[in-house]
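# Tertiary structure, described
This is what each chain is made of:
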2 protein chains.
Amino acid sequence: MDMGNRKRLILQAIIEDYINSAEPVGSRTISKKYLTGTSPATIRNEMSDLEDMGYIEQPHTSAGRIPSDKGYRLYVDKIMKQDKINEAQREMIKREFVESLGEIDRLIKHASKLLSQLTQYTSIVMAPQFRRTSIKQVQLLRIDRAVVLAVIVTNAGIIKNSVLRLKQDIQPDALIRITSMINDKMAGLDVEEIEKFDFQDMLNNSLGHSEIIEQVVPELIQTLFYSDTSEVYHDGVSNILNLPEYSDINKARDFLNIMEERELLFKVLNDVREDVSVSIGKENKLEQFKECSLITATYKINNKVIGSVGIIGPTRMEYSKAISVVECMTNNLSEILTSILKR
Amino acid sequence: MDMGNRKRLILQAIIEDYINSAEPVGSRTISKKYLTGTSPATIRNEMSDLEDMGYIEQPHTSAGRIPSDKGYRLYVDKIMKQDKINEAQREMIKREFVESLGEIDRLIKHASKLLSQLTQYTSIVMAPQFRRTSIKQVQLLRIDRAVVLAVIVTNAGIIKNSVLRLKQDIQPDALIRITSMINDKMAGLDVEEIEKFDFQDMLNNSLGHSEIIEQVVPELIQTLFYSDTSEVYHDGVSNILNLPEYSDINKARDFLNIMEERELLFKVLNDVREDVSVSIGKENKLEQFKECSLITATYKINNKVIGSVGIIGPTRMEYSKAISVVECMTNNLSEILTSILKR
DNA sequence: ATTAGCACTCAATACAGTAGAGTGCTAACA
DNA sequence: TGTTAGCACTCTACTGTATTGAGTGCTAAT
């Protein structure tokens, strides 16, 4: 069966009406609101075809039609017009960001809040990922007799630090030697290399500091990776309770449960590779997202992908708006992060 | 009217049955399950008295009775027996904590998760508060030409740090001089003093570094306070959707909204002064908590109150269990934090 | 002081009937 | 051959009514 232009218009009408109303769309509605020149009967015939082709489905006889995942997919890829985001919102993202200078962490949280406010869905955002870069430099700073602050600077300019509390005192000169030892061995390593980093070698040339090295190095590595996975933020979870699909308390609870699993959210965002990607319903790998759509985009520092953000909503999502918001957001994020780190 | 022992037993029966069932409790139920020797009619008379005294109320004629806030209050203060937490759970808190060494931050998040898991309510936890201590020492570390890491050590041993990105380069020797200047002026100050700290004086003796000082000091102060208020964690929000009182989607949404307002949660926890405190229903200052109960407790480092944790649940909360979990948790937290910082 | 008995109240449930939205099919029409 | 009007049919959602059952308050007996 071939996909005439009228079928396409009808599919579009069904999807856009359903996005707004969350109610099955009938032939009369389409005839009255969208294709005024065409009678309901004709539209019914076309709808029957569209159903055979798998683009729409019927919840039950005598109900209207709702789009299927396949229908949304076609809509996103071929039918919808891009860029529904208005100038005011675009401006808002820009302005809000200029105001929210300060530390990267704050910027990221703010981005999350803004995303959920603008889309009225739930947003997830990951902080710039150390894992995506390599170590440029490590500094160890003596805070107290047995307390050391480790500062790691990555080649993207991200700074991570962690407090290390040692079992024994450490002398300033010992710390200096250890620091340069660590820098010798570890600077320039990327994530895979660090993960399988063997510091036996270091212990052998430890000049008597082996005990301290044994404490410092694993702790250093562990804290780095931990801090990465833990830095996932979300916002606007309460928004989804406005949607009729979540008026079933069980679905709402399932959703909330997912949003409390940071590890899971991290995994989702960490898998993102494309610039902007849309996963509709069952296209999602995660069982828990089979009834959601997920729009993700990556952001960059110095043109190197370093993190990603996402919007989670129902499959009847305002795709064009959500996509352009996410896109606009990551562009701004990339720009600001790059400029912050250049300063 | 006087509060005989039987009235007390009946009130206890009503409260404990209602805590479990969330259904109004009738005289027959009490007669059968709690006071087997007494007839429903007698219990009805007593209940009528209890209602007059304001300890219980009736949702409508021909329904059973439910406890009022005042009833819960009496129950918590006078009737309930302490310490329902079992040894296994007590052990769990202890064991889990020993395993979760590592950084304070992680410990705090873990505490939050544990609290909500053990109680099946929602937990909120604040990280150790810088505001509750004073500055012991400030160190500025040069990361890059115009990037400085500020490390503040408080007299409780908490370490906070923030990355400062300056408009111009800074030389190592200038940094050293500025550092000692800042330490001279700011070390020993507590929160009120820092909040109204006037660095005009410093600018006058700036030895030509005034521009840098103008950037560094306000940023330092701001970041410190910001990092404090932002470090509030919560967990188990989805638990409340298991409760029948939140089967109304609107209530659930209101609750979620509150839990996304970190500032608000911070304020709640920051107001806590007592060791363990229970606020029941309308006793809460916050409008949004008028239908909840809030159990909070403080934790200490070196016997100085430095933060607090809380459990939020419905007014028909398992008070005795929640109280003992919270108590046990803060005790462990205090102990571990103190020992970590002593190491 | 306690209890049995009884009339009364009210929410929740079940049920039947109705309205309305929507479809599929057929036949007529351009 | 594509389009449309008409019609019978289906299914849900809603509405009004009756019924049930839990629970109370009151009264009178113990």
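Here's a quick rundown of the structure. (Residues numbered from 1 in each chain as written. Chains lettered and ligands numbered in written order. Predicted model: local features only at pLDDT ≥ 70, side-chain atom pairs only at ≥ 80, totals over all residues. Heavy atoms only, no water.)

### Examining the overall build of chain A
Of the regular secondary structure elements, chain A holds 13 helices and 10 strands. For 343 residues, the compact-globule estimate of 2.2 N^0.38 gives 20 Å, and chain A exceeds it by more than 25% at 26 Å. Principal-axis analysis of the C-alpha atoms gives chain A an extent of 90 × 35 × 35 Å. Across the 343 residues in chain A, those meeting the buried criterion constitute 58%. The long-range share in chain A, meaning contacts at least 24 apart out of those at least 6 apart in sequence, stands at 62%. Accessible surface, chain A: about 15,100 Å² in total, of which carbon and sulfur atoms supply 46%. Measuring between centres, the 44 positive side-chain charges of chain A sit 4 Å from its 49 negative side-chain charges. (Helix = DSSP H or I, 4+ residues; strand = E, 2+ residues; numbered from the N terminus. Rg over C-alpha atoms; globule rule 2.2 N^0.38 Å. Buried < 20%, exposed > 50% of the residue type's maximum accessible area, 1.4 Å probe, protein only. Contact = heavy atoms within 4.5 Å. Areas by Shrake-Rupley, 256 points an atom, 1.4 Å probe, with all protein chains shown as cover. Lys, Arg positive; Asp, Glu negative; His and termini not counted. Charge placed at Lys NZ, Arg CZ, Asp CG, Glu CD.)

### As for the interface of chain A and chain B
Contact with chain A, which involves 47 residues of that partner, is made by 47 residues of chain B. Of the roughly 4,100 Å² buried between chain A and chain B, counting both surfaces, carbon and sulfur atoms make up 53%. When residues of chain A are sorted by the area they lose upon contact with chain B, R106(A), R165(A) and E260(A) head the list and together hold 17% of the total. Between chain A and chain B we count 0 salt bridges in total. On the surface where chain A and chain B come into contact, there are 14 residue pairs in polar contact (both at pLDDT 80 or more). Counting only elements with at least two residues in the side of chain A that touches chain B, the list comes to helix 6 (104–119), strand 4 (135–144), strand 5 (147–154), strand 6 (159–165), helix 10 (210–230), helix 11 (249–259) and helix 13 (319–342) of chain A. Broken down by element, the residue count for the side of chain A that touches chain B peaks at 7 residues, all from strand 4 of chain A. Classifying every residue of the side of chain A that touches chain B gives 20 nonpolar, 13 polar and 14 charged. (Buried area = accessible area lost by both parts, 1.4 Å probe. Salt bridge = Lys/Arg side-chain N within 4 Å of Asp/Glu carboxyl O. Polar contact = N/O pair within 3.5 Å; in protein donor to acceptor, adjacent residues only side chain to side chain. Nonpolar A, V, L, I, M, F, W, Y, C, P; charged D, E, K, R; others polar.)

### Observations concerning the packing of helix 1 (residues 5–21) of chain B against helix 3 (residues 40–53) of chain B
Residues and elements named next belong to chain B. Between helix 1 and helix 3, whose axes approach to 10 Å, the crossing angle comes to 85°. One finds that helix 1 runs roughly perpendicular with respect to helix 3. Residues R6, K7, I10, L11 and I14 of helix 1 form the contact with helix 3, whose own contacting residues are T42, I43, E46, M47, D49, L50 and M53. For the contact of helix 1 with helix 3, the residue count by class is 7 nonpolar, 1 polar and 4 charged. (Axes fitted to C-alpha atoms, helices over the stretch in contact; angles between N-to-C directions. Parallel < 35°, antiparallel > 145°, perpendicular 65-115°, else oblique.)

### A look at the sheet that holds strand 4 of chain A
The pairing of strands in a sheet happens through backbone hydrogen bonds and is either parallel or antiparallel. All names here are of chain A. Read across the open sheet, the 3 strands follow the order 4-5-6; overall the sheet is antiparallel. Both outer strands of the open sheet, strand 4 and strand 6, are each paired with one neighbouring strand and no more. Averaged over all adjacent pairs, the angle separating strand axes in this sheet is 20°, with direction ignored. The sheet contact formed by strand 4 and strand 5 spans 8 bridges and is antiparallel. Across the sheet, R142 pairs through a bridge with V148, a residue of strand 5. (Pairing = 2+ DSSP bridges.)

### Re the sheet that holds strand 10 (residues 304–314) of chain A
Residue and element names in this part refer to chain A. Strands sit in the order 7-3-10-9-8 across an open sheet of 5 strands; the sheet is antiparallel. Edge positions in the open sheet fall to strand 7 (232–235) and strand 8 (276–280), since each of these has one partner strand only. Recorded for the sheet is a direction-independent mean angle of 15° between the axes of neighbouring strands. Note that strand 8 and strand 9 (residues 292–301) share 5 bridges and pair antiparallel. Bridging from a neighbouring strand, S279 pairs with L294 of strand 9.

### Topic: the protein's contact with DNA strand C
In the neighbourhood of DNA strand C, 21 residues make up the surrounding shell, with S27(A), R65(A), R6(B), T42(B) and S62(B) lying closest. Each atom of DNA strand C within 4 Å of the protein was assigned to sugar, phosphate or base; sugar and phosphate come to 77%. In the model, a base nitrogen of DNA strand C is placed 3.1 Å from a nitrogen or oxygen of the R44(A) side chain. Mapped by element, the contributors of at least two residues to the surface near DNA strand C are helix 2 (27–33) and helix 3 (40–52) of chain A together with helix 3 of chain B. Ranked by residues supplied to the surface near DNA strand C, first place goes to helix 3 of chain B with 4 residues. (Near = heavy atom within 4 Å.)

### What to know about the environment of S31(A)
All names here are of chain A. Summarising the element assignment, S31 is placed in helix 2. Each C-alpha atom, one on S31 and one on A13, is 9.8 Å from the other, the two residues being 18 residues apart in sequence. The contact partners of S31, leaving out residues within four places of it in the chain, are T36, T38, S39, P40 and I43. At 2.8 Å, the side chain of S31 forms a polar contact with the backbone oxygen of T38.

### Notes on the packing of aromatic side chains
Taken as a whole and judged by the stated rule, the model has 4 aromatic pairs over all chains. Sitting over the face of the ring of Y55(A), K70(A) holds its NZ or CZ atom 4.7 Å from the ring centroid. (Phe/Tyr/Trp six-rings, centres within 6.5 Å; stacked < 30°, edge-to-face > 60°. Lys NZ or Arg CZ within 6 Å of the ring centre and 35° of its normal.)

### Regarding helix 1 (residues 5–21) of chain A
Residue and element names in this part refer to chain A. With 17 residues, helix 1 should cover 24 Å at 1.5 Å per step; its first-to-last C-alpha distance of 24 Å lies within 8% of that length. All buried positions along helix 1 are accounted for by K7, I10, L11, Q12, A13, I14, I15, D17, Y18 and I19. Of the surrounding elements, those touching the buried residues of helix 1 are helix 2, helix 3, strand 1 (56–57), strand 2 (66–67) and helix 4 (69–79). Following helix 1 by one or two positions, A22 adopts a phi angle in the positive range, close to 65°. (Expected span 1.5 Å × (residues − 1).)

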